[in-house]
Amino acid sequence: QVQLVESGGGLVQAGGSLRLSCAASGNIFGIDRMAWFRQAPGKQRELVAVITSRGRTDYQDSVQGRFTISRDNAKNTVYLQMNSLRPEDTAVYYCNVNVFVAAGSWSGFWGQGTQVTVSS
């Protein structure tokens, strides 16, 4: 009933920038926190950034100062602006959203993932 569609990934040289988007649609009554995760080959999925419903943000130390998470509540969309990209940022990036789907019921949903590849 809820779908998250990601876009914005691609191939970029070190030092470049990308902007990821994740739009939620479906039977949504409200959205709480929104987050971005990433998973590189052979590594665990890790939290990159999170933004609360009130706009508070937190970042993984390795991306702090380079990445910015934001949200547009009217569009049910979360963004990740990635600047000064490094090869170690190469991963599949997934959005994750906590959605209020019914009275008293919150569920987490994942985007399909978008590949970010940073070449040196």
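Notes on the structure in this doc start here. Note that the structure is a prediction, hence the values are computed from the model and not measured.

Criteria and cut-off values
- Residues numbered from 1 in each chain as written.
- Predicted model: local features only at pLDDT ≥ 70, side-chain atom pairs only at ≥ 80, totals over all residues.
- Heavy atoms only, no water.
- Helix = DSSP H or I, 4+ residues; strand = E, 2+ residues; numbered from the N terminus.
- Buried < 20%, exposed > 50% of the residue type's maximum accessible area, 1.4 Å probe, protein only.
- Polar contact = N/O pair within 3.5 Å; in protein donor to acceptor, adjacent residues only side chain to side chain.
- Contact = heavy atoms within 4.5 Å.
- Pairing = 2+ DSSP bridges.
- Axes fitted to C-alpha atoms, helices over the stretch in contact; angles between N-to-C directions.
- Core = buried A, V, L, I, M, F, W, Y, C linked by side-chain atoms within 4.5 Å.
- Phe/Tyr/Trp six-rings, centres within 6.5 Å; stacked < 30°, edge-to-face > 60°.

## Quick word on unusual backbone geometry
Despite not being glycine, N76 has its phi angle at roughly 50°, a positive value. Mapped onto the fold, N76 is located in the loop between β7 (67–72) and β8 (77–82). By relative accessible area, N76 is classed as partly exposed at 24%.

## Quick word on the side chain of N96
Tracing the backbone shows N96 in strand β9 (residues 91–102). You can call N96 buried: its relative accessible area is 5%. Of note is the side chain of N96, whose polar atom sits 2.7 Å from the side chain of R33. Setting aside residues no more than four positions away along its own chain, N96 makes contact with R33, M34, A35, F37, F109 and W110.

## As for the environment of K75
Along the chain, the position of K75 falls in the loop between β7 and β8. Exposure remark for K75: the relative accessible area of 56% places this residue in the exposed category. C-alpha of K75 to C-alpha of S25: the two residues are 50 residues apart in sequence and 9.0 Å apart in space.

## Some thoughts on the sheet that holds β7
Taken together, the 4 strands give an open sheet; going across it, the order is β1-β3-β8-β7, and neighbouring strands pair in antiparallel fashion. Either end of the sheet is taken by a strand with one partner, and the two such strands are β1 (2–7) and β7. If you compare each strand with its neighbour and ignore which way they point, the axes differ by 15° on average. Across 6 bridges, strand β3 (residues 18–26) lies against β8 in antiparallel orientation. Its bridge partner lying in β8, C22 is registered against V78.

## Quick word on the nonpolar core
It is characteristic of soluble globular proteins that their nonpolar side chains tend to be buried jointly. W36, L80, M82 and Y93 are the most contacted members of the largest nonpolar core, which totals 29 residues. When contributions to this core are tallied by element, the ones reaching two or more residues are β1, β3, β4 (30–39), β5 (46–51), β7, β8, β9 and β11 (114–119). Counting residues per element, this core draws most heavily on β9, at 6 residues.

## What about the packing of aromatic side chains?
In total, this model carries 4 aromatic pairs according to the counting rule given. Taking 6.3 Å as the distance between ring centres and 90° as the angle between the ring planes, the aromatic pair formed by Y94 and W110 counts as edge-to-face. In this pair, Y94 is assigned in strand β9 and W110 in strand β10 (residues 105–110), connecting sequence segments 16 residues apart. A relative accessible area of 41% places W110 in the partly exposed class. Pairwise contacts between aromatic rings join F29, F100 and W106 into one cluster.

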